[in-house]
Each structure stands twice: as structure tokens, then as C-alpha cells.
Amino acid sequence: MPTPPLTGIRVLELAGLAPGPFAGMALADFGASVLRIDKPSRFDKEVESHPTPDLLTRHKGAIAVDLKAPSGISLMKALIKGADILIDPFRPGVLEKLGLDPHSVLLKLNPRLIVARMTGFRRDGPYSRMAGHDINYLAVSGVLSMLGRANEAPYPPANLLGDFGGGGLMLVTGILQALYHRERSGDGQVVEANMVDGAAYLATMPRLGVKTPMWQHPRGHNTLDGGCPYYESYQTKDGKYMAVGALEPKFFNQLLKGMDLEDKDLPGPREIRDHWPKLREIFETRFKSKTRSEWESVFYGTDACCTPVLSQEELEGSGFVQRPAIFLSGSPARAIAVGDPKSEKDGHGEGVLGAGWTGQVISPGSEGEELLRRWAGPQLGKRLCQVDGAFQLSSLEKL
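Residues numbered from 1 in each chain as written. Predicted model: local features only at pLDDT ≥ 70, side-chain atom pairs only at ≥ 80, totals over all residues. Heavy atoms only, no water.

Re the sheet that holds strand 9 (residues 231-235)
Part 1 of the argument: Here three strands make up an open sheet; going across it, the order is 9-10-11 and the pairing antiparallel. Each of the sheet's edge strands pairs with one partner strand only, and the pair in question is strand 9 and strand 11 (306-308). The average undirected angle you get between the axes of adjacent strands in this sheet is 25°.
Part 2 of the argument: Pairing analysis gives three bridges linking strand 10 (residues 241-245) to strand 11, with the strands arranged antiparallel. Within strand 11, the position partnered with Val244 by the bridge is Cys306.
Part 3 of the argument: Running at roughly 40° to strand 9, helix 10 (residues 276-287) makes contact with strand 9, strand 10 and strand 11 of the sheet.
Part 4 of the argument: Running over the sheet, helix 11 (residues 292-299) touches strand 10 and strand 11 and is turned about 35° from strand 10. (Pairing = 2+ DSSP bridges. Helix = DSSP H or I, 4+ residues; strand = E, 2+ residues; numbered from the N terminus. Axes fitted to C-alpha atoms, helices over the stretch in contact; angles between N-to-C directions. Contact = heavy atoms within 4.5 Å.)

Now the structure itself:
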């Protein structure tokens, strides 16, 4: 029976939010053994900490390690020796302050290790020491300025473009390249990704398009950013929406046919931008004449590029199955949803609790402890102990 492609790869994921956990989840979905290293839970007048409220936890285990204690750092160094990948979600300099410098310490302990480092701003940029979130990284990358409706403030597409696309997914791309390099050379390395460069890379096409008719107009007036009436979402009679993407003439003709419109009903050739406001009004009026369900019946099976805008609640209620984004015929990923025929056929388990619709916050516990002891082996396992729920080594002799 085939196994997922990353089976046997060991990943230490230092607990964080969004891009780091997403990268770890992507690796775990494709077979990697992922052990999350969490902060110890404690509460006192000076320090309050709890397990990281992360929902991107499927196929992972978690343990608590006090990285501010010598015994905790000693355990990390011991685990690094048998790890393939370390995911570092911290700000620049944090690992170094902990005595875990990737070059002078970690790669000396394990020359095959891949240290995958994720930051928001560039490590060598003017904002490198500043806190930020997805919107800030998009802002300084130049991407945010291109997003939003005409005559409105720029707005980000939730935190998908920075955290997950330009961040976590780019980090996974770097990790896979480093794994391929290691297969040929035997050497590990440091992989550095940041959301500024990642988002800018994802925006290559619109950036290049700025100097062409495709994207040379102000924000919200271009073909793909809400300016074009035949690349738009329209409200229906019941308050729901249909999405239109009829860019090519042959698809546009199919759209008109479904809407019971002819060329004579239009203000003029669709390519002339001056006609766009009136064309949008015609489409808005026509779509509000039927419910979304009625429009679905009209356009289903056609090449009009017109589809319903489905909500997550609708998809979950309809039995839509969540699957890994990529299917590999010879080494498919682990299942996400219980009862998915594709996953069942390939024999990669029965899915996870929540089936990809409900995330589970994991706390350091038995599953992570079992994984830790399996990684540690009998010799190192004899030296493992817990203090206030955090794992450490019982002795600090040289590893």
C-alpha cells in the first residue's frame, strides 16, 4: 500500500499562530511526523501563558518545553539531532537569544537539519524589529495598494494573502526545495521566508500588469479588481450572490444567452470602458430578477463562467468533502474527512475529528508525549522527565 510522500520526515514546530502552524499542517497532511513545542502553562503575577490557541493542528502532537530553562534547551538540542525540519515562527534574533543559533549551533548538531524560519517583515528590512500583522506586510509590499474598490480605502482579503499564501505556503515551498537539495547533497540548510517578499511574489502578474492596459488604471477600475462588470459578483433576488467571470468573448456570449440579453440590449461593445457603468447596471437589475437557485439552474453545465457564491455553512451542510489541495496518485496525503471515497480508496486513514470543518485546539498531552518518546528512543527516553507539565532532561551532560 502506498504511503504519503513525507512519511518518515520528523518536524519540530515551535508553537506560533497562522503561517508557522499552517506550514506544519501542510507537512503533516502529507505524512510528516509533526511535534509542536509549546510553552508551559502557568499563571502567576508576572507570567501568564496557556497552550497556543491554534486550530491548524490536525495530524500533530504537542508537548510543553520551557525554552527559558537550561534543561529545556538541552532537550531541544537532543531532539534536533534526530529531526529533519525545525519550523521557527519567531521574530529575528529569538532563536539566537535562546542559544539555538541555526548556523553555529543547530546545523553543527545536525548537518542534515532544515531550519525553516518565518517572519512577517524582511529580516534585513527597515521594519525587521517591529510587530506587525498580515495587513502591515501587505502594506509595505505594495500589494495592499492594489486591493479594494474604487474610491475606497485599500483592504486585505482577510489574512489569506500574507499569512497563508505569502507566508506559510511559501515556507513549505522552501522546505520542499531544501529536502530535494538534501537528497542530492546530504546537507541541510536554513530556509528563510517572509510575508513581504512572499506576498509580492504572489502579486507578480498584477505588478507586471500595471504597465499594461490590463492593470494600468487606479485601484478598482481594472479588469480583475472589481472594475469590470463581467468579472464581478451580483446580488440575486433572495439576497444571495452569483459570481461572473466571463472574460473571453465566447464565454460572455454564453452569459448573455443565459440572462436573456442580446447585443442590442447593451450600451455598446463591452471592451469600451466607458460602457462599463451602464453594463453593470443592466447586470445588477437582471440578476435581481431571479433567486440564486434559479440562476444556478440557468447556468449549470454551461460555459458562461457564472457560478453561485457558496457560504461555508452551505458547503458543510451539503456534504462537501474537505481534501488536501494536491492529489498524488502514487503517494497520496492523509485523509482529512471521514468517509471520503478518495481517501478510503488509498487507505490513508479515516480522517480527523471535525472533518476539516471544525478545528481542534491541542494542548500538550498524551498524543504528543507518545510521539516524543517514539522520537527519543530508549536511551534518551530514560532521561526524560516533566516539571510542572513541561518536558526536560533529567541531566545536562554533554549531548
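Here's the deal with the sheet that holds strand 1 (residues 10-14)
Part 1 of the argument: Spatially, the eight strands line up as an open sheet ordered 8-7-6-1-2-5-13-12, and their pairing is mixed. Of all strands in the sheet, those with a lone pairing partner are strand 8 (189-194) and strand 12 (384-387), marking the two edges. The mean angle between the axes of side-by-side strands here comes to 30°, regardless of whether they run parallel or antiparallel.
Part 2 of the argument: The sheet contact formed by strand 6 (residues 85-88) and strand 7 (residues 114-119) spans four bridges and is parallel. Across the sheet, Asp88 pairs through a bridge with Arg117, a residue of strand 7.

Overview of the packing of helix 9 (residues 249-258) against helix 11
Part 1 of the argument: In contact at an axis separation of 10 Å, helix 9 and helix 11 are set at 125° when each is read in the N-to-C sense. By the criterion of interaxial angle, the relationship of helix 9 to helix 11 is oblique. When the axes of helix 9 and helix 11 are compared, the crossing they make is right-handed. Counting all contacts with helix 9, which are made through Gln254, Leu255 and Gly258, the residues of helix 11 involved are Trp295, Val298 and Phe299. (Parallel < 35°, antiparallel > 145°, perpendicular 65-115°, else oblique. Left-handed = near helix turned anticlockwise from the far one by under 90°.)

Considerations on a nonpolar patch on the surface
Part 1 of the argument: Residues Tyr127, Met130 and Val140 make up a contiguous nonpolar surface patch of about 250 Å² in total accessible area.
Part 2 of the argument: Following the sequence through the fold, Val140 ends up in helix 5 (residues 134-141).
Part 3 of the argument: Residue Val140 is classed as partly exposed on the basis of its relative accessible area of 36%. (Patch = residues over 30% accessible without salt bridge, like charges linked within 9 Å, V, L, I, M, F, W, Y side chains within 5 Å. Areas by Shrake-Rupley, 256 points an atom, 1.4 Å probe, with all protein chains shown as cover. Salt bridge = Lys/Arg side-chain N within 4 Å of Asp/Glu carboxyl O. Buried < 20%, exposed > 50% of the residue type's maximum accessible area, 1.4 Å probe, protein only.)

Side note on the pairing of strand 7
Part 1 of the argument: In terms of residue burial, strand 7 counts as a mostly covered element, since six of its six residues are buried.
Part 2 of the argument: The alternating pattern of strand 7 places Ile114, Ala116 and Met118 on one face and Val115, Arg117 and Thr119 on the opposite face, and all of these are buried.

Notes on the confidence of the model for the chain
Part 1 of the argument: For the chain, per-residue confidence averages 92 on the pLDDT scale, and 94% of positions sit at 70 or higher.
Part 2 of the argument: Low confidence marks residues 43-48, where pLDDT is under 50. Its contacts with residues over four positions away, or in another chain, come to three contacts. (pLDDT = per-residue confidence, 0-100.)

Details of the layout of surface pockets
Part 1 of the argument: Of the pockets and cavities examined, the largest pocket occupies roughly 1,300 Å³.
Part 2 of the argument: Lining the largest pocket are 47 residues, and of these Met25, Ala26, Asp29, Arg58 and Ile336 sit closest to its centre.
Part 3 of the argument: Those elements that provide at least two residues to the lining of the largest pocket are helix 1 (19-29), strand 2 (33-38), strand 5 (60-65), helix 6 (160-185) and helix 14 (366-381).
Part 4 of the argument: The element that contributes the greatest number of residues to the lining of the largest pocket is helix 14, accounting for six residues.
Part 5 of the argument: Of the residues in the lining of the largest pocket, the class split is 24 nonpolar, 15 polar and eight charged. (1 Å grid on protein atoms, 1.4 Å probe; cavity = no way out; pocket = protein on both sides within 12 Å on 5 of 7 lines; lining within 4 Å. Points joined across faces, edges and corners; volume = space filled by probe spheres on them. Nonpolar A, V, L, I, M, F, W, Y, C, P; charged D, E, K, R; others polar.)

As for the nonpolar core
Part 1 of the argument: Judged by nonpolar contacts, the single largest core of 31 residues is most densely connected at Leu12, Leu86 and Leu106.
Part 2 of the argument: Broken down by element, this core gets its largest block of residues, six residues, from helix 2 (residues 70-80).
Part 3 of the argument: Those residues in contact with Leu12 that lie beyond four places of it in its chain are Leu35, Ile37, Met76, Leu79, Ile80, Ala83, Ile85, Leu86, Ile87 and Trp375.
Part 4 of the argument: Counting 27 residues, the second-largest nonpolar core is a separate cluster that includes Ala28, Ile85, Met118 and Val172. (Core = buried A, V, L, I, M, F, W, Y, C linked by side-chain atoms within 4.5 Å.)

Digging into the pattern of salt bridges
Part 1 of the argument: Applying the stated criterion across every chain yields a total of 19 salt bridges.
Part 2 of the argument: Across the pair Arg36 and Asp38 runs a salt bridge, and its minimum N-O distance is 2.4 Å. For the residue pair Arg36 and Asp38, the accessibility class agrees, reading buried in each case.
Part 3 of the argument: The partner of Arg123 in a salt bridge is Glu192, with the nearest N and O atoms 3.9 Å apart. With Arg123 in the loop between strand 7 and helix 5 and Glu192 in strand 8, this pair connects stretches of sequence that are 69 residues apart.
Part 4 of the argument: Through salt bridges with shared partners, a single ionic network connects Lys240, Arg292, Glu296 and Glu314.

Some words on the packing of aromatic side chains
Part 1 of the argument: Applying the stated criterion across every chain, the model contains 10 aromatic pairs.
Part 2 of the argument: Here the aromatic rings of Phe121 and Tyr127 are separated by 5.3 Å at their centres, their planes lie at 35°, and the arrangement is tilted.
Part 3 of the argument: With centroids separated by 5.8 Å and ring planes inclined at 20°, the aromatic side chains of Trp295 and Phe299 adopt a geometry described as stacked. Of the two residues, Trp295 and Phe299 both sit in helix 11, four residues apart, roughly one turn of that helix. Phe299 matches Trp295 in its accessibility class, with the two residues each being buried.
Part 4 of the argument: Linked through ring pairs, Tyr230, Tyr234, Phe252, Trp276, Phe283, Phe287, Trp295 and Phe299 together constitute an aromatic cluster.
Part 5 of the argument: For Arg270, the ring lying beneath its charged end belongs to Tyr230, and the centroid distance is 4.4 Å.
Part 6 of the argument: Here the guanidinium or amino end of Lys290 rests over the ring plane of Trp295, the centre of that ring lying 5.6 Å away. (Phe/Tyr/Trp six-rings, centres within 6.5 Å; stacked < 30°, edge-to-face > 60°. Lys NZ or Arg CZ within 6 Å of the ring centre and 35° of its normal.)

Description of the pairing of strand 1
Part 1 of the argument: Burial runs high along strand 1: four of the five residues are buried.
Part 2 of the argument: Sheet topology note: the strand 1/strand 2 ladder contains five bridges and is parallel. In the sheet register, Leu14 faces strand 2, and the bridge partner there is Ile37.
Part 3 of the argument: With helix 1 bridging strand 1 and its parallel neighbour strand 2, the resulting β-α-β unit is right-handed.
Part 4 of the argument: As defined by bridge partners, strand 1 adjoins strand 6 across three bridges and the pair is classed as parallel. Paired with Glu13 across the strands is Ile87, a residue of strand 6. (Right-handed = clockwise from strand over helix to strand, strands pointing away.)

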